[in-house]
Amino acid sequence: MCKGSAGPSPLSRRGGRRRAHTAVAVDEVGRKKGERTVQARDHGHVQLLVWARKLAPEERVWAVEDVRHVSGGLVRDLLAAGETVVPVPPNRTAGERRGGRERGKSDPIDALAIARLALREPDLPTARLDEQTRPIRLLVDHREALVAERTRLINRVLWLVHDLDPDLAAAVTKLKQVTTRRKLAAQLQALPATTARRVALAQIALIDSLSIEIDAIEKELKPLVQTRLPRLMTIVGVNVVTAAKLLGEVGDITRFRSSAAFARHNGTAPIPVWSGNDDRHRLNPGGNRQLNTTLHRIAITQARCHEGARALLKRRQETTRDTTKSSFRVLKRHLSDVIYRALVADHHAETAEKDPPTPCT
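Described in the following lines is the structure provided in the data block.

1. Some thoughts on the environment of Thr227
Reasoning step 1: Inspection of the secondary structure puts Thr227 in helix 7 (residues 195-228).
Reasoning step 2: Note on Thr227: relative accessible area 63%, which makes it exposed.
Reasoning step 3: For the pair Thr227 and Asp346, spaced 119 residues apart in sequence, the C-alpha separation works out to 9.4 Å.
Reasoning step 4: A polar contact of 2.8 Å, which involves the side chain of Thr227, links it to the backbone oxygen of Pro223.
Reasoning step 5: In this structure the side chain of Thr227 is engaged in a polar contact, spanning 3.4 Å, whose partner is the backbone oxygen of Leu224.

Set out below in structure tokens:
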């Protein structure tokens, strides 16, 4: 592990009886030096730290598979202890594991692959302890889960209402609106009492409660985002939810050394797919897919109502004969730089407000 990495791999025991972390220590050339499995509890994290510091007393780098809440407690404890932590995207681990000499899939194999990947990619952004961002990320994740559940309920109501009265089914697609829900509920009440009608009304009531919670989360996010990201909020296509999603996924923007590193992280950096005289690039399927999806939504909005974005897409398709996907790739890459600069400016403004410079005397 000396001047190398430890690759902790989060795991869940069969049957869910307990959870643990498996770590593999490697040296600077990727040779395995040790292996340790501890419980995913505070005392287990301490044991892992003691073990790692014995193997590498001077310098350590922890490469942790970025699986959100499963590894969140470990990452926070390591950062609080002053350790250097590098989050590794899970989709990168699979490719590294397939290229290894040891066949199969286990937690030690995954941990070794994570450590070797971090050694081979020294420019991966490091993690930062930012407890102000974590509540925003939790709220955004909770809202997305509620929206997904509401969509499933709306789809189930659609078929029930279609079975009861096909003429009423057209309004189901607009059940996100409270007036539509109330109108549909009143129309269902006028139908004969059946089990299908009862279930449909119960599901509409659930949609009501989910919508109330979704709106409450958005109201809670609004002051948190507007005070921290005023410049980001001025970008066309960025609303409160979008800005909160960006902040939650990015965290501390200063962990990216440049806009190019940020583009590589969010998957907008193009991938060359050319051979011979055919020089082409394609969309990058790697990177943080949550960030990439958010950038795609912003790009769709700008393509519809932003003159600069529309002019860029038109110019790419007319002068370079790009396909629609290729021109959108260029727009998303441009948006990545714009968002990076806005996040950096907001970060510097927030830092200056917290720690104003001492006047010269």
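2. Topic: the environment of Ser106
Reasoning step 1: By the secondary structure assignment, Ser106 is in the loop between helix 3 (90-98) and helix 4 (107-120).
Reasoning step 2: For the pair formed by Ser106 and Thr22, sequence separation is 84 residues and the distance between their alpha carbons is 9.9 Å.

3. Focus: the packing of helix 10 (residues 289-305) against helix 11 (residues 307-319)
Reasoning step 1: Contact pair helix 10 / helix 11: the axes reach a minimum separation of 6 Å and the direction vectors enclose 90°. Here helix 11 runs roughly perpendicular to helix 10, going by the angle between their axes. Facing Gln302, Ala303, Arg304 and Cys305 of helix 10, the residues of helix 11 in contact are Glu307, Ala309, Arg310 and Leu313.
Reasoning step 2: Here the residues of the contact of helix 10 with helix 11 are counted per class, giving four nonpolar, one polar and three charged.

4. Examining the side chain of Arg143
Reasoning step 1: By the element assignment, Arg143 lies in helix 5 (residues 133-164).
Reasoning step 2: Aside from chain neighbours lying at most four places away, what touches Arg143 is Ile214, Ile217, Glu218 and Val241.

5. Some thoughts on the pattern of salt bridges
Reasoning step 1: Overall, the coordinates contain 15 salt bridges when judged by the stated rule.
Reasoning step 2: The closest approach of N and O atoms between Glu350 and Arg228, which form a salt bridge, is 3.4 Å. Taken together, the positions of Glu350 in helix 12 (residues 324-354) and Arg228 in helix 7 put the pair 122 residues apart, joining distant regions of the chain. Taken individually, Glu350 and Arg228 each receive the classification buried, so the pair is uniform in this respect.
Reasoning step 3: One connected set of salt bridges, linked through shared partners, spans Asp27, Arg31 and Lys33.

6. Here we look at the packing of aromatic side chains
Reasoning step 1: Per the stated rule, a full pass over the model turns up two aromatic pairs.
Reasoning step 2: On the basis of an interplanar angle of 70° and a centroid distance of 5.4 Å, the ring pair of Phe256 and Phe262 is categorised as edge-to-face. Side by side, Phe256 and Phe262 carry an identical accessibility label, which is buried.
Reasoning step 3: Between Phe262 and Tyr340, the ring centres sit 5.9 Å apart and the planes meet at 35°, which makes this aromatic pair tilted. Taken as a pair, Phe262 in helix 9 (residues 259-266) and Tyr340 in helix 12 lie far apart in primary sequence, 78 residues in all. Neither residue differs from the other here; Phe262 and Tyr340 are each classed as buried.
Reasoning step 4: Clustering of aromatic rings is evident, with ring pairs tying together Phe256, Phe262 and Tyr340.

7. A look at the packing of helix 5 against helix 8 (residues 240-250)
Reasoning step 1: Taken N-terminus to C-terminus, the directions of helix 5 and helix 8 make an angle of 125°; their axes are 8 Å apart at the nearest point. Between helix 5 and helix 8, the crossing angle belongs to the class labelled oblique. Crossing geometry of helix 5 relative to helix 8 is assigned as left-handed. Along its contact with helix 5, which presents Thr133, Ile136, Arg137, Val140, Asp141, Arg143 and Glu144, the element helix 8 presents Val241, Ala244, Lys245, Leu247 and Gly248.

8. Here's the deal with helix 10
Reasoning step 1: The terminal C-alpha atoms of helix 10 lie 24 Å apart, and with 17 residues this matches the ideal 24 Å at 1.5 Å per residue to within 8%.
Reasoning step 2: Looking at the buried residues of helix 10, the elements they touch are helix 8, helix 9, helix 11 and helix 12.
Reasoning step 3: Sitting at the amino-terminal end of helix 10 is Asn288, which places a side-chain oxygen 2.9 Å from the backbone nitrogen of Gln290.

9. What to know about the nonpolar core
Reasoning step 1: Counting 50 residues, the largest nonpolar core has Leu184, Leu188, Leu221, Leu232, Phe262 and Ile339 as its most contacted members.
Reasoning step 2: The contact partners of Leu188, leaving out residues within four places of it in the chain, are Val161, Leu164, Leu168, Arg197, Ala200, Leu201 and Ile204.
Reasoning step 3: Of all hydrophobic cores here, the second largest spans 15 residues; its members include Ala25, Ala52, Leu78 and Ala127.

10. Points about the side chain of Lys332
Reasoning step 1: Take Lys332: it is sitting in helix 12.
Reasoning step 2: As a buried residue without a salt bridge, Lys332 has its nearest oppositely charged side chain in Asp337, at a separation of 14 Å.
Reasoning step 3: Those residues within four positions of Lys332 in sequence are excluded, and the remaining contacts are Thr268, Asn292, Leu295, His296 and Ala299.

11. Here we look at the pairing of strand 4 (residues 32-39)
Reasoning step 1: Relative to strand 4, strand 3 (residues 19-26) runs antiparallel, the two being bridged by seven bridges. Each residue of the ladder has a partner; that of Ala20, found in strand 4, is Gln39.
Reasoning step 2: Counting the residues between successive antiparallel strands, the hairpin from strand 3 to strand 4 contains five residues, one of them, Gly30, with a positive phi of roughly 90°.

The rules behind each value
- Residues numbered from 1 in each chain as written.
- Predicted model: local features only at pLDDT ≥ 70, side-chain atom pairs only at ≥ 80, totals over all residues.
- Heavy atoms only, no water.
- Helix = DSSP H or I, 4+ residues; strand = E, 2+ residues; numbered from the N terminus.
- Buried < 20%, exposed > 50% of the residue type's maximum accessible area, 1.4 Å probe, protein only.
- Polar contact = N/O pair within 3.5 Å; in protein donor to acceptor, adjacent residues only side chain to side chain.
- Axes fitted to C-alpha atoms, helices over the stretch in contact; angles between N-to-C directions.
- Parallel < 35°, antiparallel > 145°, perpendicular 65-115°, else oblique.
- Contact = heavy atoms within 4.5 Å.
- Nonpolar A, V, L, I, M, F, W, Y, C, P; charged D, E, K, R; others polar.
- Salt bridge = Lys/Arg side-chain N within 4 Å of Asp/Glu carboxyl O.
- Phe/Tyr/Trp six-rings, centres within 6.5 Å; stacked < 30°, edge-to-face > 60°.
- Left-handed = near helix turned anticlockwise from the far one by under 90°.
- Expected span 1.5 Å × (residues − 1).
- Core = buried A, V, L, I, M, F, W, Y, C linked by side-chain atoms within 4.5 Å.
- Lys, Arg positive; Asp, Glu negative; His and termini not counted.
- Pairing = 2+ DSSP bridges.

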